[in-house]
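Chain by chain, the residues:
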Amino acid sequence: MTSVGAPDETRERAELAVWFGGASLACWLCCPFWMLVCFIALPLAVVGLVRACIEYAASRSGRTSRPRAVVGGALSLLGATAAIAYMIFLATHPDLPVQG
């Protein structure tokens, strides 16, 4: 958790990894056009992973919550893995997107 004397900006930015990770997974669950989703979800997941690393480092000094950083990193990692797996699937089956 953020400390009591932390500025509001720190508190608002402290949970960005969870939001980016959740958004990268929500794209997969909410949008049926996976060919487009993989190009949206991958950047969101990468930003979430970077924010999770930053938040995890900040949690050592007590500025943010370590469990939130770990959850954000896990969500982002799942979103990135899904995007990369689907891109590999599209690369190995180039005729599938055209079959519509």
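Refer to the structure printed above.
Colleague: An account of the nonpolar core is needed here, citing residue identities and associated values.
Modeller: The biggest cluster of nonpolar side chains holds eight residues, and these are Cys27, Trp28, Val37, Cys38, Ala41, Ala83, Tyr86 and Leu90. For this core, the elements supplying multiple residues, two or more each, are helix H2 (16–30), helix H3 (34–59) and helix H4 (66–92). Each residue touching tryptophan 28, except ones within four places of it in the same chain, is listed here: Trp34, Val37, Cys38, Ala41, Gly79, Ala82, Ala83 and Tyr86.

Colleague: Any chance you could break down the packing of aromatic side chains for me, citing the residues and the numbers?
Modeller: Overall, the coordinates contain four aromatic pairs when judged by the stated rule. On the basis of an interplanar angle of 70° and a centroid distance of 6.0 Å, the ring pair of tryptophan 28 and tyrosine 86 is categorised as edge-to-face. Placement of tryptophan 28 in helix H2 and of tyrosine 86 in helix H4 is noted, with a sequence separation of 58 residues between them. In this structure, tryptophan 28 and tyrosine 86 share a single accessibility class: buried. A connected cluster of aromatic rings, assembled from ring pairs, spans Trp28, Trp34, Tyr86 and Phe89.

Colleague: Outline the packing of H2 against H3, supporting the account with residue identities and numerical values.
Modeller: Between H2 and H3, the least distance of the axes is 8 Å, while the angle of their chain directions is 160°. Taken as axis vectors, H2 and H3 run roughly antiparallel relative to one another. For the element pair H2 and H3, the recorded crossing hand is left-handed. Packed against H2, whose contacting residues are Leu16, Ala17, Phe20, Ala23, Ser24, Cys27 and Trp28, the element H3 presents Trp34, Val37, Cys38, Ile40, Ala41, Leu44, Ala45, Val47, Gly48, Arg51, Ala52 and Glu55 at the interface. Residue composition of the contact of H2 with H3, by class: 15 nonpolar, two polar and two charged.

Colleague: Which residues make up the side chain of serine 24, and what values do they have?
Modeller: Inspection of the secondary structure puts serine 24 in helix H2. For serine 24, the contacting residues outside a window of four places in its chain are Ala41, Leu44, Ala45, Leu75, Ser76 and Gly79.

Rules behind the numbers
- Residues numbered from 1 in each chain as written.
- Predicted model: local features only at pLDDT ≥ 70, side-chain atom pairs only at ≥ 80, totals over all residues.
- Heavy atoms only, no water.
- Core = buried A, V, L, I, M, F, W, Y, C linked by side-chain atoms within 4.5 Å.
- Buried < 20%, exposed > 50% of the residue type's maximum accessible area, 1.4 Å probe, protein only.
- Helix = DSSP H or I, 4+ residues; strand = E, 2+ residues; numbered from the N terminus.
- Contact = heavy atoms within 4.5 Å.
- Phe/Tyr/Trp six-rings, centres within 6.5 Å; stacked < 30°, edge-to-face > 60°.
- Axes fitted to C-alpha atoms, helices over the stretch in contact; angles between N-to-C directions.
- Parallel < 35°, antiparallel > 145°, perpendicular 65-115°, else oblique.
- Left-handed = near helix turned anticlockwise from the far one by under 90°.
- Nonpolar A, V, L, I, M, F, W, Y, C, P; charged D, E, K, R; others polar.

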